[in-house]
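Chain by chain, the residues:
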Amino acid sequence: MPHGDWQKDFLGQAFVALGEVIGSQRGRLERPLTGVPGKRCGTILLLAEDLSNCRDIVTMQLCANKLDKKDFFGKSDPFLVFYRSNEDGTFTICHKTEVVKNTLNPVWQPFTIPVRALCNGDYDRTVKIDVYDWDRDGSHDFIGEFATSYRELSRAQSQFTVYEVLNPRKKCKKKKYVNSGTVTLLSFSVESEFTFVDYIRGGTQLNFTVAIDFTASNGLPSQPTSLHYVSPYQLSAYALALKAVGEIIQDYDSDKLFPAYGFGAKVPPDGKISHQFPLNNNVENPSCAGIEGVLESYLQSLRTVQLYGPTNFAPVINQVAGIAAQVTDGSQYHVLLIITDGVISDMLQTKEAIVTASSLPMSIIIVGVGPAEFEAMEELDGDEVRLSSRGRYAERDIVQFVPFRDYVDDSGNQVLSMARLAKDVLAEIPEQLLSYMKTRDIKPRRADPE
């Protein structure tokens with residue numbers, strides 16, 4: 001039974017800054033709990049300990065045999081509680097298994113836990129495991145306990161390890177007491193958890209492509225109400241978003257060359273509608289030097305193309321996906337930045353393109369400019385519901401949507417917090433890159449020594 005079904009009563013609260021805990025004597029800070037009117041809620045003791053830089057993750061599975069019967073009707077409902085020992089000899093809960101109902105011989109599901117959570121990287125540190133019988137009212141019955149260590153657990157990679165579950169009170173009372181059952185470690189495996197930085201240091205290249213919405217829904221560029229309107233005194237909404245977001249992402253692009261496209265305009269010389277025209281007018285080499293180069297080409301395009309429509313995302317997504325598909329060994333990762341007013345005409349084709357692209361080394365950042373409601377963009381950002389197309393689900397969530405208006409002042413011409421914008425623009429890129437590498441079992445290359 002999930003822990004969410006256990007009854008919870010509010011006992012109190014305390015507000016503490018992390019710096020207070022770390023800066024307190026011996027990393028121990030005691031604070032009174034408050035929040036229940038007219039009642040003393042007791043105190044809470046906070047302990048701080050430096051986490052090791054161990055990034056291994058353990059997956060293990062356990063079962064038990066002949067546990068003590070605790071329920072009057074039926075058998076027991078056992079679950080395990082894992083405790084990490086602290087430097088001062090106390091113990092901290094680091095994991096609880098699920099409850100297996102009505103059995104004395106439970107088999108728990110495999111679970112995953114970081115090694116630093118289990119023992120803070122100290123392989124010989126004691127790991128204590130308690131066995132409980134679950135009760136609906138929260139007064140779980142103690143069946144017994146046993147102790148081990150990471151080093152001992154890791155031996156199960158080559159052999160089953162059986163632990164006796166002992167109840168100290170029963171042991172003292174009963175002369176013939178043997179144990180309260182046994183727990184067997186069925187499997188134990190370790191894998192390294194790599195970080196975004198590991199891949200970048202190992203040589204993975206990030207390649208950013210920019211695509212800008214040139215559709216008529218943005219308004220005539222010559223009109224002050226247009227999102228593309230450029231005055232001598234301030235940047236257009238698009239130019240401001242491009243500059244702000246571009247300056248964040250260009251630090252991660254090693255060659256600082258950005259292929260940059262426009263979509264939804266009639267382009268010279270024949271006035272044909274294009275959904276992926278190079279802003280620099282160079283079909284052979286659409287790359288611009290730095291974000292300043294993209295900005296320059298964008299302003300030049302505004303003077304030469306006619307804003308039109310429809311707003312089709314799929315062609316430029318498929319264009320970048322085609323490039324991403326050429327190198328899938330983890331050495332290249334592509335990020336497509338789409339800046340748009342959020343009115344989209346080819347939703348079905350865009351979903352199809354994103355679902356296909358989700359198996360490739362690429363991510364998509366959509367920056368919404370202007371006052372529109374962005375429901376369609378929120379749908380493409382599959383945080384709540386995994387994106388699907390014609391019964392096919394996206395392999396990974398690869399879209400991050402950012403409404404630019406949340407980061408600018410009332411006049412719309414100044415970014416309030418570049419740090420917050422940077423954090424939200426890049427929030428999901430590291431996890432998206434890691435999910436691609438992990439599903440393909442691609443490990444970071446070793447960084448060359450300086």
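Reading guide: rules and limits
Residues numbered from 1 in each chain as written. Predicted model: local features only at pLDDT ≥ 70, side-chain atom pairs only at ≥ 80, totals over all residues. Heavy atoms only, no water. Helix = DSSP H or I, 4+ residues; strand = E, 2+ residues; numbered from the N terminus. Rg over C-alpha atoms; globule rule 2.2 N^0.38 Å. Contact = heavy atoms within 4.5 Å. Areas by Shrake-Rupley, 256 points an atom, 1.4 Å probe, with all protein chains shown as cover. Lys, Arg positive; Asp, Glu negative; His and termini not counted. Charge placed at Lys NZ, Arg CZ, Asp CG, Glu CD. Salt bridge = Lys/Arg side-chain N within 4 Å of Asp/Glu carboxyl O. Buried < 20%, exposed > 50% of the residue type's maximum accessible area, 1.4 Å probe, protein only. Pairing = 2+ DSSP bridges. 1 Å grid on protein atoms, 1.4 Å probe; cavity = no way out; pocket = protein on both sides within 12 Å on 5 of 7 lines; lining within 4 Å. Points joined across faces, edges and corners; volume = space filled by probe spheres on them. Nonpolar A, V, L, I, M, F, W, Y, C, P; charged D, E, K, R; others polar. Core = buried A, V, L, I, M, F, W, Y, C linked by side-chain atoms within 4.5 Å. Axes fitted to C-alpha atoms, helices over the stretch in contact; angles between N-to-C directions. Parallel < 35°, antiparallel > 145°, perpendicular 65-115°, else oblique. Left-handed = near helix turned anticlockwise from the far one by under 90°. Patch = residues over 30% accessible without salt bridge, like charges linked within 9 Å, V, L, I, M, F, W, Y side chains within 5 Å.

> Is there a simple way to think about the overall build of the protein chain in this case?
The helix and strand inventory of the protein chain stands at 12 helices and 22 strands. Relative to the 2.2 N^0.38 estimate, which gives 22 Å for 450 residues, the radius of gyration of the protein chain is 29 Å and therefore markedly larger than a compact globule would have. Taken along the three principal axes of its C-alpha coordinates, the protein chain extends 100 × 55 × 50 Å. Residue pairs at least 24 apart in sequence account for 70% of intrachain contacts in the protein chain once pairs closer than 6 positions are excluded. Entry remark: accessible area of the protein chain is about 23,800 Å², with carbon and sulfur atoms responsible for 51%. Charge-centre separation for the protein chain: the mean point of 46 positive side chains lies 11 Å from the mean point of 57 negative side chains.

> Even after reading the chapter, I still don't get the pattern of salt bridges, so can you show me in this structure?
Two side chains with opposite charge may pair up if their charged atoms get near one another. Under the defined criterion, the tally for this structure stands at 15 salt bridges. Here lysine 101 ties to aspartate 77 by a salt bridge, and the two come within 3.8 Å at their closest N and O atoms. Of this pair, lysine 101 sits in the loop between strand E5 (91-96) and strand E6 (111-114) while aspartate 77 sits in the loop between strand E3 (56-65) and strand E4 (78-85), and the two are 24 residues apart along the sequence. Residues aspartate 122 and arginine 125 are paired through a salt bridge, measuring 3.9 Å at the closest nitrogen-oxygen approach. Residue aspartate 122 is classed as partly exposed on the basis of its relative accessible area of 34%. Members of the salt-bridge network, linked through shared partners, are Lys128, Asp130 and Glu145.

> Looking at this model, I keep getting lost on the pairing of E6. Mind explaining?
Regular strands have side chains that alternate between both faces of the sheet. Side-chain alternation along E6 places Phe111 and Ile113 on a buried face and Thr112 and Pro114 on a face that remains uncovered. As defined by bridge partners, E3 adjoins E6 across 4 bridges and the pair is classed as antiparallel. Bridge assignment links threonine 59 to a residue of E6, and that residue is threonine 112.

> Can you walk me through the layout of surface pockets in this structure?
Any empty space left between atoms is shown by rolling a water-sized probe over those atoms. For the largest pocket, the calculated volume is near 390 Å³. Every residue lining the largest pocket is counted, 16 residues in all, and those nearest its centre are Glu191, Ser192, Glu193, Phe194 and Lys438. Of all the secondary structure elements, the ones that give two or more residues to the lining of the largest pocket are strand E10 (182-192), helix H5 (196-201) and helix H12 (429-439). Here the lining of the largest pocket takes 5 residues from H12, the largest share from any one element. For the lining of the largest pocket, the class distribution of residues is 7 nonpolar, 3 polar and 6 charged.

> Even after reading the chapter, I still don't get the nonpolar core, so can you show me in this structure?
Generally speaking, a soluble globular protein has its nonpolar side chains buried in company with each other. Formed by 53 residues in total, the largest nonpolar core has its most connected members in Phe214, Val294, Tyr298, Phe404 and Leu421. If one sorts the elements of this core by residue count, helix H6 (residues 237-249) sits on top with 9 residues. Among the nonpolar cores identified, the runner-up in size contains 30 residues, and Phe263, Ala324, Leu336 and Ile364 belong to it.

> Quick question: what am I supposed to make of the packing of H6 against helix H11 (residues 418-425) here?
When two helices pack together, their arrangement is given by the angle between the helix axes and the distance between those axes. Where H6 contacts H11, the axes come no closer than 10 Å and their chain directions differ by 65 degrees. Put simply, H6 runs roughly perpendicular to H11. Remark: the crossing between H6 and H11 carries right-handed chirality. Within the contact between the two elements, H6 uses Ala244, Val245, Ile248 and Ile249 and H11 uses Met418, Leu421, Ala422 and Val425. Each residue belonging to the contact of H6 with H11 can be placed in one class, and the counts come to 8 nonpolar, no polar and no charged.

> For this particular structure, what's the right way to read the sheet that holds E10?
Strands pair in a sheet through their backbones, by hydrogen bonds, and they do so in one of two ways: parallel or antiparallel. Strands sit in the order E6-E3-E10-E9 across an open sheet of 4 strands; the sheet is antiparallel. Only two strands of the sheet have a single neighbouring strand rather than two, namely E6 and strand E9 (161-164). Across this sheet, the average inter-strand angle for adjacent strands is 35 degrees, counted without regard to direction. Where E9 and E10 come together, 4 bridges link them in antiparallel fashion. By the bridge assignment, tyrosine 163 is partnered in E10 with valine 183.

> Help me out: how do you make sense of the sheet that holds strand E14 (residues 272-274) in this one?
Taking strand neighbours across the sheet as the criterion, the 3 strands line up as E14-E13-E17 in an open arrangement whose pairing is antiparallel. Every other strand in the sheet has two partners, leaving E14 and strand E17 (306-307) as the edge strands with one partner each. One ladder, built from 3 bridges, connects strand E13 (residues 265-267) with E14; its direction is antiparallel. The residue bridging lysine 266 from the neighbouring strand is isoleucine 273, located in E14.

> Sorry, what's going on with the pairing of E3 here?
The buried count for E3 comes to 8 of 10 residues, which makes it a mostly enclosed element. Two elements, E3 and E10, share 10 bridges in a ladder whose sense is antiparallel. Directly across from methionine 60, in E10, lies its bridge partner phenylalanine 188.

> When you look at a negative patch on the surface in this model, what are you seeing that I'm missing?
Residues Glu373, Glu375, Glu378, Asp383 and Glu384 make up a contiguous surface patch of negative charge. For glutamate 378, the position within the fold is in helix H10 (residues 375-380). Given the relative accessible area of 48%, glutamate 378 is considered partly exposed.

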